2 protein chains.
Amino acid sequence: MPDLRTLSRYREQFEKELFNSVLPFWENHSPDKVNGGYFNCLDRDGRVFDTRKHIWLQGRQVWMFSTLYRTVEQRPEWLDIAVSGIRFLRDHAIRNDGRVWFSLTADGKPVQMQRKIFSECFYIMALAGFSRATGEGRYLIEAENLLQQVWEWSSDLSKVGRPVHEGQIPSSQLAIPMILLNLIEEVAGDTYQRYSPEIDDSIRRMLLHVHEDRQLVFETVAPDGSFIDNPDGRLLNPGHAIEAGWFLQHWAQRLDDPKLTETAVNMVRWSDKAGWDTESGGLFYFLDSGNFSPTSLEWSMKLWWPHCEAMYAYLLNYRLTRRKEDWLAFSRVTDYAFSHFPDPDYGEWFGYLDRNGTVTHRFKGGPYKGCFHVPRALLMCWNTLKELEELTADS
Amino acid sequence: MPDLRTLSRYREQFEKELFNSVLPFWENHSPDKVNGGYFNCLDRDGRVFDTRKHIWLQGRQVWMFSTLYRTVEQRPEWLDIAVSGIRFLRDHAIRNDGRVWFSLTADGKPVQMQRKIFSECFYIMALAGFSRATGEGRYLIEAENLLQQVWEWSSDLSKVGRPVHEGQIPSSQLAIPMILLNLIEEVAGDTYQRYSPEIDDSIRRMLLHVHEDRQLVFETVAPDGSFIDNPDGRLLNPGHAIEAGWFLQHWAQRLDDPKLTETAVNMVRWSDKAGWDTESGGLFYFLDSGNFSPTSLEWSMKLWWPHCEAMYAYLLNYRLTRRKEDWLAFSRVTDYAFSHFPDPDYGEWFGYLDRNGTVTHRFKGGPYKGCFHVPRALLMCWNTLKELEELTADS
């Protein structure tokens with residue numbers, strides 16, 4: 001069990017990384033002063049290597065700076081960044097039918113639309129975070145309305161253009177109920193009772209993916225939760241399952257549900273056990289639960305975001321269980337992450353390592369990496385470590 | 001310059017690998033005795049790990065066994081394999097409108113349709129190869145009709161469902177004219193004059209991607225051939241450019257065009273120079289010509305197929321130029337390939353290595369790897385080495 005000095009050492013590490021390295025990188029290099037919004041394809045030193053704007057990352061960065069402004073300090077420069085992003089999004093990212101583009105040119109012309117709902121989800125996340133930070137209720141109303149629409153689309157993806165063919169095996173994706181539950185957390189705030197049916201349904205759908213008998217969390221299952229024996233059904237995505245674990249844990253705490261608390265603790269522990277590379281360290285990106293090789297070329301790589309999610313999920317487990325195994329898991333993944341991903345020379349974290357831990361991609365922001373997983377995890381861990389310090393000092 | 005003994009040693013290496021290791025693997029493990037067609041997702045030892053059938057690979061395997069039957073030996077078992085595949089394809093893979101599915105269930109129910117034309121292309125390749133092997137003209141007529149349709153689609157991919165948005169930069173993909181030129185080679189055979197306009201147009205479109213001033217072959221250029229300065233436009237795909245080089249070289253020889261011969265030799269040489277990893281050996285999968293990190297996670301991996309294409313393209317260069325540098329390039333890539341990819345225990349080649357040359361995926365067949373690049377390259381190299389032996393013995 002960590003003593004106060006150990007807790008303080010970790011807390012300072014997170015604090016320094018967040019405020020001296022990660023946030024300055026995005027504050028300095030991402031704002032597009034001409035068009036608004038953010039450049040999100042940034043080379044190691046912050047140079048823009050692609051001016052296109054990816055809406056997942058635009059939405060997430062609005063949420064991030066809104067949340068910093070609301071929960072850490074009301075710095076005007078943080079609000080300015082959030083304002084610039086929310087304006088760009090509302091001016092360019094959404095179509096009249098509620099669909100949200102995947103990517104735009106720097107000045108907001110549409111480039112790509114996905115047959116998925118994630119662009120819409122991160123757009124909602126931006127609106128909700130911004131509204132809660134500024135108190136401007138109209139953004140929350142927009143977020144609620146769009147969430148209603150996305151909720152309907154989510155149960156039938158053919159409504160967003162996903163083709164349906166006779167030979168497809170009906171299936172459920174963990175990503176869908178998981179992001180919806182997270183959005184309800186953002187949109188509903190403390191008045192979540194009005195979303196009770198949606199909350200119950202999202203939790204029920206997520207739990208279909210948790211197979212207690214095998215101690216595994218599957219990314220894709222049949223609609224009744226049963227196992228699908230093909231590469232999609234066998235797929236494990238440990239980082240995603242760990243993130244799903246802490247999303248569920250937040251609701252278990254809010255709903256004061258001890259059974260759900262235990263399940264969420266286990267989802268995180270099992271996914272660490274399945275996903276940790278005992279040879280080279282770090283969490284695998286993908287695994288095949290039947291011990292075949294996953295077909296994705298990048299399966300054995302170590303990505304920044306599963307490690308970010310794991311740091312917070314393991315620490316949250318420890319705060320709830322006070323079990324040594326959870327602290328050791330937290331310190332193991334944190335020590336791995338801090339010794340492999342940060343770039344002390346230019347700030348922010350590298351995103352991609354090979355199995356052995358060597359950096360393979362030098363950029364800090366790309367089509368799928370922006371100002372989100374690193375600062376969110378650092379912020380949540382910093383807050384949780386502060387709590388633990390107080391609890392430890394009091395005891 | 002290689003002496004006769006060296007040539008014979010290489011020829012025997014290719015011969016043994018093709019007939020004793022690679023072909024037996026597919027003959028033994030891929031045929032679906034119940035439904036016809038082939039299982040193409042095969043684990044290291046040939047075990048089926050996914051029963052779905054991917055049409056690129058079904059079409060290519062029909063072509064491969066048809067070509068073996070036509071050009072090597074009229075073995076009934078090779079014909080049987082080709083017949084089983086062509087029947088499965090014609091019964092299940094094509095829709096009434098001429099579109100061809102990307103993947104099917106084992107018994108032929110549609111699973112996935114791409115908004116691309118490659119499934120159609122490999123379907124045509126199968127028909128043409130089978131017709132030339134068996135003399136059954138009706139398959140060639142089908143191939144010619146579908147090629148006509150694909151030719152029209154190829155100049156406007158919105159016809160196969162590719163969305164067009166205001167912010168997209170108009171561009172040309174090397175893959176399109178390249179596969180069309182290869183198909184004309186397969187469909188037209190010796191009577192290619194009737195395709196003269198299409199041949200000229202495909203060659204013209206391919207040459208837009210060859211930038212002599214920079215000695216680079218770009219995967220994506222503007223419709224007038226000019227450089228696009230974003231990650232798509234900067235992308236180099238050395239294996240693809242090398243394959244395009246030998247496709248063009250076949251036409252340069254057939255059309256007796258010395259300028260095109262020289263260009264094709266250079267495309268291959270430049271792409272080797274740009275793509276060879278001087279640190280760890282092997283050809284990179286992708287590079288960014290502006291020296292940024294490519295955004296694809298697998299950019300630094302070493303894949304089987306670029307090495308297969310390179311073995312043949314470098315050997316073809318040598319047969320035409322008789323320059324030592326081309327022989328050395330051939331022996332370098334061949335020695336790398338044979339010391340990294342083959343699996344003497346179970347046959348066939350592994351498909352995927354990390355940058356350092358360690359096997360990352362143990363399967364022999366997957367959604368994009370089937371019975372094609374390895375046996376095609378081994379067969380073409382074997383034939384070319386036999387020619388060189390004869391020329392050397394005569395001199």
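Draft legend 1. Highlighting the sheet that holds strand E4 (residues 103–104) of chain B. All names here are of chain B. Reading across the sheet, the three strands line up as E3-E4-E5 and stay open at both edges, with antiparallel pairing between neighbours. Whereas interior strands pair on both sides, the edge strands pair on one side only; in this sheet they are strand E3 (53–54) and strand E5 (110–112). In this structure, E4 lies alongside E5, joined through two bridges in antiparallel fashion. Across the sheet, residue Leu 104 finds its bridge partner in E5, namely Pro 110.

Draft legend 2. Seen up close, unusual backbone geometry. All names here are of chain B. Its identity is not glycine, yet Asn 291 carries a phi of approximately 65 degrees, on the positive side. Within the fold, Asn 291 resides in the loop between strand E11 (287–288) and strand E12 (302–303). Asn 291 sits in the exposed class, given a relative accessible area of 61%.

Draft legend 3. Representation of the pattern of salt bridges. Residue and element names in this part refer to chain A. Considering all chains together, one arrives at 70 salt bridges over all chains under this definition. Residues Asp 345 and Arg 44 are paired through a salt bridge, measuring 3.1 Å at the closest nitrogen-oxygen approach. A residue pair is termed long-range when its members are at least 10 positions apart, and Asp 345 in the loop between helix H12 (324–340) and strand E13 (352–353) and Arg 44 in the loop between strand E1 (41–42) and strand E2 (48–50) qualify at 301 residues. Residues Glu 243 and Arg 376 are paired through a salt bridge, measuring 2.9 Å at the closest nitrogen-oxygen approach. Taken together, the positions of Glu 243 in helix H9 (residues 238–254) and Arg 376 in helix H13 (residues 373–394) put the pair 133 residues apart, joining distant regions of the chain. Because the salt bridges share partners, they merge into one network encompassing Arg 44, Asp 343, Asp 345 and Lys 364.

Draft legend 4. The arrangement of the domain arrangement of chain A in detail. Residues and elements named next belong to chain A. One can read the domain layout of chain A as domain 1 (1–30 + 171–395) and domain 2 (31–160). One C-alpha centre belongs to domain 1, the other to domain 2, and the line joining them spans 22 Å. Each side of the interface is counted separately: domain 1 has 45 residues, and domain 2 has 48 residues. Summed over both partners, the interface of domain 1 with domain 2 comes to about 4000 Å²; 68% of that surface belongs to carbon and sulfur atoms. Among the residues of domain 1 in contact with domain 2, Ser 30, Glu 186 and Phe 372 are the three that bury the most area, contributing 17% of the side total. For the pair domain 1 and domain 2, the interface holds five salt bridges. Connecting domain 1 to domain 2 are 14 residue pairs in polar contact (both at pLDDT 80 or more). Where the side of domain 1 that touches domain 2 is concerned, the elements lending two or more residues are helix H1 (4–29), helix H6 (175–188), helix H7 (196–207) and H13. For the side of domain 1 that touches domain 2, the element with the most residues is H6, which contributes ten residues. A class-by-class count of the residues in the side of domain 1 that touches domain 2 yields 22 nonpolar, ten polar and 13 charged.

Draft legend 5. Structural detail: the packing of aromatic side chains. Residues and elements named next belong to chain A. One pass over the full model with this rule turns up 62 aromatic pairs over all chains. Look at Trp 304 and Tyr 352: their rings are 5.4 Å apart centre to centre, the planes differ by 70 degrees, and that puts the pair in the edge-to-face class. You can see Trp 304 sitting in helix H11 (residues 304–321) and its partner Tyr 352 sitting in strand E13, a full 48 residues away along the chain. For the pair shown, Trp 304 and Tyr 352 are each scored as buried. Grouped by ring-pair contacts, the aromatic residues Tyr 10, Phe 14, Trp 276, Tyr 318, Trp 327, Phe 330, Tyr 336, Phe 338, Phe 341 and Trp 349 constitute a single cluster.

Draft legend 6. Representation of the relation of the copies chain B and chain A. Rotating chain B by 180 degrees and translating it 0.0 Å along the rotation axis places it on chain A, where the RMSD comes to 0.0 Å. Such a turn and shift between the copies fits a two-fold axis. By C-alpha distance to the rotation axis, the residue of chain B lying nearest is Glu 298 of chain B, at 3.1 Å.

Draft legend 7. Broad picture of empty space enclosed by the protein. Residues and elements named next belong to chain B. All chains considered together, the criterion is met by four cavities of 30 Å³ or more. In this model, the largest cavity occupies a volume close to 60 Å³. Surrounding the largest cavity, Gln 215, Leu 216, Val 217, Leu 236, Asn 237, Pro 238, Ala 241, Trp 270, Ser 271 and Ala 274 form its lining. Taken together, the elements giving at least two residues each to the lining of the largest cavity come down to strand E8 (216–217), helix H9 (238–254) and helix H10 (258–275). By residue number, the principal contributor to the lining of the largest cavity is H10, which donates three residues.

Draft legend 8. Expanded view of H12 of chain A. Residue and element names in this part refer to chain A. In this model, H12 (17 residues) spans 24 Å end to end at C-alpha, consistent with the 24 Å of a helix rising 1.5 Å per residue. Every buried residue of H12 is listed here: Asp 326, Trp 327, Ala 329, Phe 330, Ser 331, Val 333, Thr 334, Tyr 336, Ala 337 and Phe 338. The secondary structure elements touched by the buried residues of H12 are H1, helix H10 (258–275), strand E12 (302–303), H11, E13 and H13.

Draft legend 9. How the structure looks around the interface of chain B and chain A. Chain B puts 40 residues into the contact, and the matching count from chain A is 40 residues. Summed over both partners, the interface of chain B with chain A buries about 3300 Å², with 56% contributed by carbon and sulfur atoms. Area buried by chain B at its contact with chain A is led by Phe 49, Phe 292 and Leu 297 of chain B, which between them contribute 19% of it. The tally of links between chain B and chain A comes to two salt bridges. A salt bridge links Asp 232 of chain B to Arg 52 of chain A; the nearest nitrogen and oxygen atoms lie 3.1 Å apart. The tally of links between chain B and chain A comes to 16 residue pairs in polar contact (both at pLDDT 80 or more). Secondary structure elements with two or more residues in the side of chain B that touches chain A: strand E2 (48–50), E5 and helix H8 (231–234) of chain B.

Draft legend 10. Representation of the side chain of Ser 293 of chain B. By the element assignment, Ser 293 of chain B lies in the loop between E11 and E12. Within the structure, Ser 293 of chain B has its side chain in polar contact with the backbone nitrogen of Arg 362 of chain A (distance 2.7 Å). Residues contacting Ser 293 of chain B, with those up to four places away along its chain left out, are Thr 360, His 361, Arg 362 and Phe 363 of chain A together with Asp 288 of chain B.

Draft legend 11. Local environment of the sheet that holds strand E4 (residues 103–104) of chain A. Residues and elements named next belong to chain A. Across the sheet, three strands lie side by side as E3-E4-E5; this open sheet has antiparallel pairing. Looking at which strands have only one partner, the edges of the open sheet turn out to be strand E3 (53–54) and strand E5 (110–112). Pairing analysis gives two bridges linking E3 to E4, with the strands arranged antiparallel. Among the inter-strand pairings, Lys 53 is bridged to a residue of E4, identified as Leu 104.

Draft legend 12. View of the packing of H1 of chain A against helix H2 (residues 55–71) of chain A. Residue and element names in this part refer to chain A. Closest axis-to-axis distance for the H1/H2 pair is 13 Å, and the angle between their directions is 120 degrees. Between H1 and H2, the angle is such that the two are oblique. Read as a crossing pair, H1 and H2 show a hand that is left-handed. Between H1 and H2, the residues in contact are Leu 23, Trp 26 and Glu 27 and Gln 61, Phe 65 and Leu 68, respectively. In terms of residue class, the contact of H1 with H2 is made up of four nonpolar, one polar and one charged.

Procedures and definitions
Residues numbered from 1 in each chain as written. Chains lettered and ligands numbered in written order. Predicted model: local features only at pLDDT ≥ 70, side-chain atom pairs only at ≥ 80, totals over all residues. Heavy atoms only, no water. Pairing = 2+ DSSP bridges. Helix = DSSP H or I, 4+ residues; strand = E, 2+ residues; numbered from the N terminus. Buried < 20%, exposed > 50% of the residue type's maximum accessible area, 1.4 Å probe, protein only. Salt bridge = Lys/Arg side-chain N within 4 Å of Asp/Glu carboxyl O. Domains from an automatic or database assignment. Contact = heavy atoms within 4.5 Å. Buried area = accessible area lost by both parts, 1.4 Å probe. Polar contact = N/O pair within 3.5 Å; in protein donor to acceptor, adjacent residues only side chain to side chain. Nonpolar A, V, L, I, M, F, W, Y, C, P; charged D, E, K, R; others polar. Phe/Tyr/Trp six-rings, centres within 6.5 Å; stacked < 30°, edge-to-face > 60°. Least-squares fit on C-alpha atoms with pLDDT ≥ 70 in both. 1 Å grid on protein atoms, 1.4 Å probe; cavity = no way out; pocket = protein on both sides within 12 Å on 5 of 7 lines; lining within 4 Å. Points joined across faces, edges and corners; volume = space filled by probe spheres on them. Expected span 1.5 Å × (residues − 1). Axes fitted to C-alpha atoms, helices over the stretch in contact; angles between N-to-C directions. Parallel < 35°, antiparallel > 145°, perpendicular 65-115°, else oblique. Left-handed = near helix turned anticlockwise from the far one by under 90°.

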